[in-house]
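Take a look at the letters that make up each chain.
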Amino acid sequence: MSDLTSVDNSAHDHHDHKPTGWRRWAYSTNHKDIGTMYIFLAMIAGLLGMAASMAIRAELALPEIQFITDSQFYNVLVTAHGFLMVFFVVMPALIGGFGNWFIPLMVGAPDMAFPRMNNISFWLLAAALVLLVLSGFVQGGAGTGWTAYPPLSNADYHPGPAVDFAILSLHLAGASSILGAINFITTILNMRTPGMSFHKMPLFIWASLVTAFLLLLALPVLAGALTMLLTDRNFGTTFFEASGGGDPIFWQHLFWFFGHPEVYIMILPAFGIVSEVVSTFSKKPIFGYLGMAYAMAGIGVVGFVVWAHHMFTVGFNVETRAYFVLATMVIAVPTGIKIFSWLATMWGGSIEFKTPMLYAMGFIFLFVVGGVTGITLANAGVDMAFHDTYFVIAHFHYVLSIATIFGIFCGVFYWLPKMCGNMYNETLGKWQFWITFIGVNILFFPQHFLGMAGMPRRIPDYPDAYAGWNLISSFGALISLVGALMFIYIVWVTIRSGEKAPANPWGEGATTLEWTVDSPAPFHTHEQAPELEPKSAAQPAE
Amino acid sequence: MTSESATSQPWHVPEPSPWPIVGTAAALATALGLVWFMHTGSPWLLGIGGILVLWTMIGWWRQVILEANDRTSHTSPVKVGLRIGMLLFIASEVMFFFAFFWAYFHSSLPILNIVAGPWPNEGVEAIGAAGIPLLNTLLLITSSLTVTIAHHAILENEREKVIFWTGITAVLGIIFLGVQIYEYHVLSFGLKDGVYPSTFYLATGFHGFHVFVGTIFLIICYFRARAGHFTPEAHIGYEAAAWYWHFVDVVWIFLYVNVYWWGASSFGHLVVE
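Residues numbered from 1 in each chain as written. Chains lettered and ligands numbered in written order. Predicted model: local features only at pLDDT ≥ 70, side-chain atom pairs only at ≥ 80, totals over all residues. Heavy atoms only, no water.

### Let's talk about the overall build of chain B
- Summing up its helical and strand segments, chain B has eight helices and zero strands in all.
- The order of helices and strands in chain B, counted from the N terminus, is α-α-α-α-α-α-α-α.
- Based on the C-alpha atoms only, the size of chain B along its principal axes is roughly 75 × 45 × 35 Å.
- Taken across its 273 residues, chain B has 50% of its residues classed as buried.
- In the form shown here, chain B has an accessible surface area of approximately 12700 Å², with 72% of it arising from carbon and sulfur atoms.
- Charge separation in chain B, taken as the distance between the mean sites of 9 positive and 16 negative side-chain charges, equals 12 Å. (Helix = DSSP H or I, 4+ residues; strand = E, 2+ residues; numbered from the N terminus. Buried < 20%, exposed > 50% of the residue type's maximum accessible area, 1.4 Å probe, protein only. Areas by Shrake-Rupley, 256 points an atom, 1.4 Å probe, with all protein chains shown as cover. Lys, Arg positive; Asp, Glu negative; His and termini not counted. Charge placed at Lys NZ, Arg CZ, Asp CG, Glu CD.)

### What to know about the overall build of chain A
- When helices and strands are counted, chain A shows 16 helices and two strands.
- In terms of overall dimensions, chain A is globule-like: its C-alpha atoms have a radius of gyration of 23 Å, near the 24 Å expected for 542 residues.
- Seen through its principal axes, chain A has C-alpha atoms that stretch 65 × 50 × 45 Å.
- For chain A, the proportion of its 542 residues judged to be buried stands at 65%.
- Counting contacts in chain A only where the partners sit at least 6 residues apart, residues at least 24 apart contribute 82% of the total.
- Each charge sign in chain A was given a centre, from 21 positive and 31 negative side chains, and these centres are 8 Å apart. (Rg over C-alpha atoms; globule rule 2.2 N^0.38 Å. Contact = heavy atoms within 4.5 Å.)

### As for unusual backbone geometry
- Cis geometry is found at the peptide bond from A:Ser519 to A:Pro520, where omega equals -5°.
- With respect to the element layout, A:Pro520 can be found in the segment after strand 2 (499-500).
- Residue B:Pro120 follows B:Trp119 across a cis peptide bond; omega there is -10°.
- Its location among the elements puts B:Pro120 in the loop between helix 3 (76-108) and helix 4 (132-155).
- The phi dihedral of A:Lys283 is positive, around 55°, even though this residue is not glycine.
- Positive phi values are uncommon outside glycine, yet A:Arg458 reaches one of about 60°.
- When you line up the elements, A:Arg458 lands in the loop between helix 15 (426-452) and helix 16 (467-497).
- Look at A:Arg458 and you get partly exposed, because its relative accessible area is 25%.

### Examining the packing of helix 3 of chain B against helix 7 (residues 236-264) of chain B
Residues and elements named next belong to chain B.
- Interaxial distance between helix 3 and helix 7 falls to 10 Å at its minimum, and their mutual angle equals 10°. When the axes of helix 3 and helix 7 are compared, the pair comes out roughly parallel. Seen along the crossing, helix 3 lies across helix 7 with a hand that is right-handed.
- Looking at the contact of helix 3 with helix 7 residue by residue, the classes come out as 20 nonpolar, three polar and four charged. (Axes fitted to C-alpha atoms, helices over the stretch in contact; angles between N-to-C directions. Parallel < 35°, antiparallel > 145°, perpendicular 65-115°, else oblique. Left-handed = near helix turned anticlockwise from the far one by under 90°. Nonpolar A, V, L, I, M, F, W, Y, C, P; charged D, E, K, R; others polar.)

### What about the interface of chain B and chain A?
- Each partner contributes residues to the interface: chain B has 64 residues there, and chain A has 75 residues.
- Roughly 5800 Å² is buried in total at the junction of chain B and chain A, and carbon and sulfur atoms are behind 72% of that figure.
- Between B:Glu67 and A:Arg116 there is a salt bridge, with its nearest N and O atoms 2.8 Å apart.
- In this structure, the connection of chain B to chain A is made through 14 residue pairs in polar contact (both at pLDDT 80 or more).
- Looking at the side of chain B that touches chain A, the element that brings in the most residues is helix 3 of chain B, giving 18 residues.
- Residue composition of the side of chain B that touches chain A, grouped by class: 39 nonpolar, 21 polar and four charged. (Buried area = accessible area lost by both parts, 1.4 Å probe. Salt bridge = Lys/Arg side-chain N within 4 Å of Asp/Glu carboxyl O. Polar contact = N/O pair within 3.5 Å; in protein donor to acceptor, adjacent residues only side chain to side chain.)

### Here we look at the confidence of the model for chain B
All names here are of chain B.
- Of all residues in chain B, 95% attain a pLDDT of 70 or more, and the chain-wide mean is 91.
- In this model, residues 1-5 is a region of pLDDT below 50 whose contacts with residues beyond four sequence positions or in other chains number 17 contacts.
- If you check the scores for this complex, the pTM reads 0.94 and the ipTM reads 0.94. (pLDDT = per-residue confidence, 0-100.)

### Quick word on empty space enclosed by the protein
All names here are of chain A.
- Under the defined criterion, the tally for this structure stands at five cavities of 30 Å³ or more.
- Roughly 150 Å³ of volume is contained in the largest cavity.
- Together, 17 residues line the largest cavity, and Tyr38, Ile95, Gly96, Ser176 and Ser177 are the ones closest to its centre.
- At the level of elements, helix 4 (71-107), helix 5 (115-137) and helix 6 (162-190) are the ones that each hand at least two residues to the lining of the largest cavity. (1 Å grid on protein atoms, 1.4 Å probe; cavity = no way out; pocket = protein on both sides within 12 Å on 5 of 7 lines; lining within 4 Å. Points joined across faces, edges and corners; volume = space filled by probe spheres on them.)

### Thoughts on the side chain of A:His309
Residue and element names in this part refer to chain A.
- Turning to its location among the elements, His309 is positioned in the loop between helix 9 (289-302) and helix 10 (318-330).
- According to the relative accessible area criterion, His309 is buried, its value standing at 12%.
- Not counting residues up to four positions away in its chain, the partners in contact with His309 are His260, Phe324, Thr328 and Asp383.

### Overview of the domain arrangement of chain B
Residues and elements named next belong to chain B.
- When cut into domains, chain B gives domain 1 (1-73) and domain 2 (75-271).
- With centres defined by C-alpha atoms, the gap from domain 1 to domain 2 works out at 25 Å.
- Contacts between domain 1 and domain 2 engage nine residues on the former and eight residues on the latter.
- In this assembly, domain 1 packs against domain 2 so that about 670 Å² is buried in total across both faces, 61% of it on carbon and sulfur atoms.
- Looking at the side of domain 1 facing domain 2, the largest losses of area belong to Pro10, Ile65 and Arg71, adding up to 52% of the total buried there.
- Run the count over domain 1 and domain 2 and you get zero salt bridges.
- Remark: the boundary between domain 1 and domain 2 carries four residue pairs in polar contact (both at pLDDT 80 or more).
- For the side of domain 1 that touches domain 2, the class distribution of residues is four nonpolar, four polar and one charged. (Domains from an automatic or database assignment.)

### Notes on helix 11 (residues 332-346) of chain A
Residue and element names in this part refer to chain A.
- Here helix 11 contains 15 residues, and its C-alpha end-to-end distance of 21 Å stays within 8% of the 21 Å for a straight helix at 1.5 Å per residue.
- Where helix 11 is concerned, the buried positions are Pro334, Thr335, Gly336, Lys338, Ile339, Ser341, Trp342, Thr345 and Met346.
- Residues of helix 11 that are buried in the fold lie against helix 8 (248-282), helix 9, helix 10 and helix 12 (355-378).
- Directly beyond the C-terminal end of helix 11, a positive phi value near 75° is found at Gly348. (Expected span 1.5 Å × (residues − 1).)

Laid out in structure tokens, this is it:
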């Protein structure tokens, strides 16, 4: 980890007074170090989560039980995969990692608003990861799925401490996110360099701001729900217990009131990164900057009033379903604004197909595929048939898993020179992109067919009728694994022995403030408020 | 870019601190201790976790108070940030209570829950709005007035008045908590008696916990006022305590109107006929 900055040999570094040894990391109040720790944690959790998904795909490659003879263990794998990827890979990488690294750099602040609170945000997440891993090893593990619906998650069906560990893990992760959100919002609202009005903020900053508000308002509702589940399990309350006048459906309301904003929490920062990258490599300001910014804000607002589209099969009356169909469809409008604005930015631009740009375009493609199946699933009538099938799995893996992961890869290739001071190998990067792109599509596209044919999710076995596409899907998983391992290799080689990167390796297209500081970024940056020249604003000059 | 190490920016970047990781260890011990307690009944690890959390709070906030008093760390832009941070924290707390109010309405209103049973659930008598709850409402509303008097006294630099009215506010908070505990003792139903007691005890219980936290915050402000920490220009800590106290007050008014009053009114019964 310390390699990221120990290769720092810039002329200025003797001015960098920085703490040394383990205290530098454990006691850190430095946004770059904390961001690095977040990314490191995301990579560890990513390997764990990927191991779980490989086990799932190995089991599902052929009909009948292959090696997972205990179905509860299969459920534990599915649950761990979901929790890990959502809370410990995507969120720490996009928000904790890139947010910490680049919000202060891009708004011209020397650090975050509350640097100590920033540190506890990270360490609470590490503690949460410990609790989650523990939950997998005690008394049968938590096999509830990441949605933890009662009655499966209550004390009758999961009597051991595993689900309690998982609940408390999410409590700590939630506290981490709420504190992080307060920090991000305060930094963005209060610490922008003079001249950077809201309408001149880079789109990554807009994305982070909207994301942080979603975190701030959605995570406490999850905390409330988890507390109710905890007391139902251990102290005899009956919030979700029909025998005591409670209602298990109520858990689903609370969970998805958090869960739907959560999916935007995972995708919005990727929107921000892709916007920066498309603009940089098209050598044009982003098309429709204001529309892009307010589209994200709109997605954030509407994201709070669509939650019950995850629950179409619970027996709503027709008016309720009609409302949630309509509200969900409305989200296609701001999303469409974003897609078309990215395309319009590229249109007529002098495009350089460097690896980050390939990932940005890959993101747009994958997000459109996932978005279109999302429109399909938004229809309550259609969802009656598709609910809990592999069609849903395919849909949300296109948007959340692979589009978001493409956003992360895009950000890593784009910003790695700034973070470690070295350039990645462009040829390797392009190979890695194409292997991953082909792998994930072979992995997830056939799952649409499986879902339309009715294959249910979260079951380790299936009838022979589903045999062929499952094998192809598992083959795609192997290709994706190669891509993921290659990614780690490229990052490792870049940090160890990549070519030295200049302050701005991307040329005239890269106009945001992080490219005005040295590569790697010195320990302390923006100690004087940076000048915001008209051309470095996100908008074109008048 | 950083041609000199001195910063000309007004922001406060503190030195590395042990408290975040100590606080995390405390949170981890508390979580493990809670699981241990729930599954074996042994409370010692939970107790250790609680003590560690308290130790973190004392150490960390002592540091913040020292910084507030050095009169250089908290520049006016930093104060704006601290205010924004506190408001955002309160916003997140509002959403936490939102979940419990939702639980209350979901369990009681057939329009939200077509399988809702009778309300309150069978065998439970709802609490009326008169008597103890009304007394508590008056206590909290009065305390919101007294804390505002104290806040204005800070702006007018009248230290004796600040100390007096802050003390009164804290005492009102303590009396509220005593009355609330008394109410729990005399109630006819227990936590395990169904969904009405579940929502009642968790909503009022978490509110009571917030009153407890707010009272401690005010007591600390009381001693800080006596030590002369607050000036008309520099009293962010007091502002935060006062805002938090008003927030606790507003949550109570919602609890009083919805849970105590409406929940036991004939209108409430009509809806679930």
